[in-house]
Structure formats: structure tokens, C-alpha cells
Amino acid sequence: MIKGTTPTHKFTIPDEAVGNIKEIKITYEQDGVDIVTKRTEDCTVDGNAVSVRLTQTDTFKFDHNAVVNIQIRILTKNGDALASFPLQVNAVECLDD
């Protein structure tokens, strides 16, 4: 992920969550510190896909010397808590930040 860009991240959710989402939380962290958190209102749900767009302000917060860990968590209307395994991406320096 390049700092200063506006990427859209897309997550595939389990069938049991489709149409049953109460809350979504997507956490972006580096070195154990939450850097950016996106919530339900920041996301678009289309079938079994959840998409979220990061802003330039969001991506400029990442340190290009550390891995970004990303995890999506979903709370369903019937109280089930679902979570992805953390995904890892590199934050790449923007030359004109």
C-alpha cells in the first residue's frame, strides 16, 4: 500500500454473515498500535463482500518502515463474533509527502 493513496480494500465474508451484520470493524495496526480503524458506516457491503476505502490522510499515517496488519471483525445480529486472520501488507513510501 502506497502512502498518500486512496486504496479500496475488499474482504470476503462468510455466508452466515451475509444479511446478518450488526457491526463491522476493520483495524489497521503497526507494531501493536492501532493506526486506522474503520467501522460499519465507512464500509460498503455487497453480498459476501465488504469494501472500505482509505483516505490520503489515513495512508499517510502509516510508517513505511513497518508492516501494516489488517483485520476485519464482524458482529452478527444474533451475537456471533467473526474475525479474519490478520493480513499483512507493506506500507510503501510516497516520494512527495
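Reading guide: rules and limits
- Residues numbered from 1 in each chain as written.
- Predicted model: local features only at pLDDT ≥ 70, side-chain atom pairs only at ≥ 80, totals over all residues.
- Heavy atoms only, no water.
- Helix = DSSP H or I, 4+ residues; strand = E, 2+ residues; numbered from the N terminus.
- Buried < 20%, exposed > 50% of the residue type's maximum accessible area, 1.4 Å probe, protein only.
- Polar contact = N/O pair within 3.5 Å; in protein donor to acceptor, adjacent residues only side chain to side chain.
- Contact = heavy atoms within 4.5 Å.
- Phe/Tyr/Trp six-rings, centres within 6.5 Å; stacked < 30°, edge-to-face > 60°.
- Salt bridge = Lys/Arg side-chain N within 4 Å of Asp/Glu carboxyl O.

**Q** What's the story with the side chain of glutamine 30 in this structure? I'm lost.
**A** By the element assignment, glutamine 30 lies in strand β2 (residues 21–30). Residue class for glutamine 30 comes out buried when judged on its relative accessible area of 5%. Polar side-chain contacts of glutamine 30 include one of 2.8 Å to the backbone oxygen of alanine 66. Excluding residues within four positions of it along the chain, glutamine 30 makes contact with Ile35, Lys61, Phe62, Asp63, Ala66, Val67, Val68 and Ala91.

**Q** Sorry, what's going on with the side chain of asparagine 20 here?
**A** Mapped onto the fold, asparagine 20 is located in the loop between β1 (8–12) and β2. A distance of 3.4 Å separates a polar atom in the side chain of asparagine 20 from a polar atom in the side chain of asparagine 78. Other than its neighbours up to four places away in sequence, asparagine 20 contacts Leu75, Thr76, Lys77 and Asn78.

**Q** Please explain the packing of aromatic side chains as it appears in this structure.
**A** Working definition: an aromatic ring pair is given by the centre-to-centre distance plus the angle between the planes. Counting across every chain of the model gives one aromatic pair. With centroids separated by 6.1 Å and ring planes inclined at 50 degrees, the aromatic side chains of tyrosine 28 and phenylalanine 62 adopt a geometry described as tilted. Within this pair, whereas tyrosine 28 is found in strand β2, its partner phenylalanine 62 is found in the loop between α1 (56–60) and β6 (67–76), the two being separated by 34 residues in sequence. The burial state of tyrosine 28 is the same as that of phenylalanine 62; both residues are buried.

**Q** How do you make sense of the pattern of salt bridges when you look at a structure like this?
**A** Should the charged atoms of two oppositely charged side chains come close, the side chains can pair. Counted according to the given criterion, the structure contains one salt bridge. A salt bridge links lysine 38 to aspartate 58; its shortest N-O distance comes to 2.8 Å. Of this pair, lysine 38 sits in strand β3 (residues 33–39) while aspartate 58 sits in helix α1; the two residues are 20 residues apart in sequence, bridging distant segments of the chain. You'll find lysine 38 and aspartate 58 in the same group, each marked buried.

**Q** It is not clear to me how the environment of threonine 27 should be interpreted in this structure. Could you clarify?
**A** Its location among the elements puts threonine 27 in strand β2. Assessed through its relative accessible area of 15%, threonine 27 is described here as buried. Among all residues touching threonine 27, those that are not within four sequence positions of it are Asp34, Val36, Asn69, Ile70 and Gln71.

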